[in-house]
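Understanding the architecture of this molecule
Here is what each chain is made of, one letter per residue.
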Amino acid sequence: MISQLFLLSPRGDSIIHRDYRGELDRSTCEVFFKNVKFYRGKQQEAPPIFNIDGVNYMWMKKNGIFFVMTSINNTSPSLAMEFLLRVTKVFKDYCGVFSEESIRSNFILLYELLDEIMDNGFIQGTSSDTLKAFIFNEPVVVEKKKMKFQLPKFNPKTTSSDATNKPISFKDSKQGGKDEIFVDIFERITITFHSNGNILNSALDGTIQMKSYLSGNPDLKLALNEELTIGNTSNRSATHYGGVVEIDDCNFHECVRLDDFDSSRIISFNPPDGEFVVMNYRITSDFKIPFRIFPFFELVSPYKVEMIIKIRADVPENNAGTNILLQFPVPKTTSSVSSTMGIGVQGQSCEYDSKKQLVSWKIKKMPGGTEHTLRSRIVLTKASTSSVRKEIGPVSLNFEVPLYNPSNLQVRYLRIMSNSSGQTSNPYRWVRYVTKSQSYVCRM
């Protein structure tokens, strides 16, 4: 049973506070914010679940907002975290943009949602589609802050990523605009390299995510690669659209019908309101690695160490990695770090955080087929020993590659079937491919 659910701003202000059982007072907000920043009297962040004076605090942070649940009972931790995650998704579906401003502007709507989601501390339902029948307040639309300078739109076949920031309650209203549907194929890579560049283990977790703004809730048919292999159950005798794609396992949303999936790899479903995951899949076999990391260690003198890190983009030349961040820790006895990134490089920066003893190398954009090198000279306060190499690393990499997916999973087509009145609409269909790093590590 849940006693309270409240939302706090980054400053600790209470934005939303709902007490379901009357077992605790409002001082729990202050207790939580004090301990989440200085857990156990130290300047460290609290774990996702902790107990103080017999009260269980369960929390997560989304866009700077603290979502917190309290309970005096032995609540399942996995249930609590999953519930908080679903509440954040419901709020985003109904507000469009998830920010402190949108929450304050729509607090009446959000209180109405919380009353329907939970009753007397017991969870009733977190489906945006189901909740829509019981919600009567319209959202106040809050637009994202935009830059003063805006690039002109030259290509009518593309749309801004902000197009998905519309509330779902506008879907069937006259203010809702054109019919459109968004399909995102996200792939997150987990990989570990040896210091010589060889791959020790790798995995790819993929998600087909959808957000529908179609009127009338028509049936949809989503076709994937014809030669999609799940385990060893598919026939691989011919070459079809998109090439061979081998995945280890997959699961689908409850609304999906798989009548034609085994024969022609077609998924049929009636999309619910809001953002939802159509399909999850996982690949552990060989796939194209987007970036390679090559670290080199050299002991220049007993008090100086040199680290050379080369990163190579193995994505196609028409693609590029963005928001690249490479980090590695240095020994505790480090007094200073000076780094060079080559002559005439642009869009790169490197800094050393002495408190965290961490070197961070940022690259704004890295096209496929290019290489960049970082040379860091580390000065030590004590003479180095045989263990100094063990204190450096591992090297971690974060990145995002738009319009690219290593698995080669492709959407052949997305068909909107006729609705109950027999009319077939021709809405806008937007498909996006994005590859991200989940755990991209190179050992030293």
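Computed from a predicted structure; not experimentally measured.

Conventions adopted
- Residues numbered from 1 in each chain as written.
- Predicted model: local features only at pLDDT ≥ 70, side-chain atom pairs only at ≥ 80, totals over all residues.
- Heavy atoms only, no water.
- Helix = DSSP H or I, 4+ residues; strand = E, 2+ residues; numbered from the N terminus.
- Contact = heavy atoms within 4.5 Å.
- Pairing = 2+ DSSP bridges.
- Axes fitted to C-alpha atoms, helices over the stretch in contact; angles between N-to-C directions.
- Salt bridge = Lys/Arg side-chain N within 4 Å of Asp/Glu carboxyl O.
- Buried < 20%, exposed > 50% of the residue type's maximum accessible area, 1.4 Å probe, protein only.
- Phe/Tyr/Trp six-rings, centres within 6.5 Å; stacked < 30°, edge-to-face > 60°.
- Lys NZ or Arg CZ within 6 Å of the ring centre and 35° of its normal.

With respect to the helices, strands and loops of the structure, V431 is situated in strand 26 (residues 428-442). Ignoring sequence-local partners within four residues, the contact set of V431 consists of V183, I185 and V411.

This brings us to the sheet that holds strand 20 (residues 334-340). With respect to topology, four strands assemble into an open sheet ordered 17-18-23-20, the strand pairing being antiparallel. The open sheet terminates on both sides in strands that have one partner only, identified here as strand 17 (291-301) and strand 20. Direction aside, neighbouring strands of the sheet carry axes that sit 20° apart on average. Note that strand 18 (residues 304-313) and strand 23 (residues 371-380) share nine bridges and pair antiparallel. Paired with K310 across the two strands is T373, which belongs to strand 23.

A few words on the pattern of salt bridges. For the coordinates displayed, the defined rule picks out 16 salt bridges. Residues R312 and D314 are paired through a salt bridge, measuring 3.0 Å at the closest nitrogen-oxygen approach. Several salt bridges share partner residues, and in doing so they unite R11, D13, E100 and R104 into one network.

Moving on, we come to the pairing of strand 1 (residues 4-8). Side-chain positions along a regular strand alternate between the two faces of the sheet. Most of strand 1 sits inside the fold, with five of its five residues counted as buried. Residues Q4, F6 and L8 of strand 1 are buried on one face, and the alternating residues L5 and L7, pointing to the opposite face, are buried as well. Both strand 1 and strand 5 (residues 65-71) contribute to a ladder of five bridges, which runs antiparallel. Bridging across to strand 5, Q4 finds its partner in T70. Note that strand 1 and strand 2 (residues 14-19) share five bridges and pair antiparallel. Each bridged residue has a counterpart across the sheet, and for F6 the counterpart in strand 2 is H17. Counted between consecutive antiparallel strands, the loop separating strand 1 from strand 2 contains five residues, among which G12 sits at a positive phi close to 95°.

With omega at 0°, the peptide bond leading from G393 into P394 counts as cis. Among the secondary structure elements, P394 is positioned in the loop between strand 23 and strand 24 (395-402). One non-glycine residue, N408, lies in the positive phi region at around 70°. Along the polypeptide, N408 turns up in the loop between strand 24 and strand 25 (413-416). Judged by relative accessible area, which is 34%, N408 ranks as partly exposed.

Following the criterion strictly, the structure yields 18 aromatic pairs and no others. Ring centres of F182 and Y213 lie 6.1 Å apart, and the angle between their planes is 90°; on these two criteria the pair is classed as edge-to-face. You can see F182 sitting in strand 8 (residues 180-193) and its partner Y213 sitting in strand 9 (residues 199-213), a full 31 residues away along the chain. For Y213, a relative accessible area of 3% puts it in the buried group. Relative to F261, the ring of F252 has its centre 5.2 Å away and its plane inclined at 75°; by these criteria the two rings are edge-to-face. Put simply, the rings of F6, F32, F33, Y39, F50, Y57, W59 and F66 pair up and form one aromatic cluster. For the cation-ring pair, R415 lies above Y413, with the distance from its terminal atom to the ring centre recorded as 3.9 Å.

Worth remembering: the numbers are spatial, not functional.
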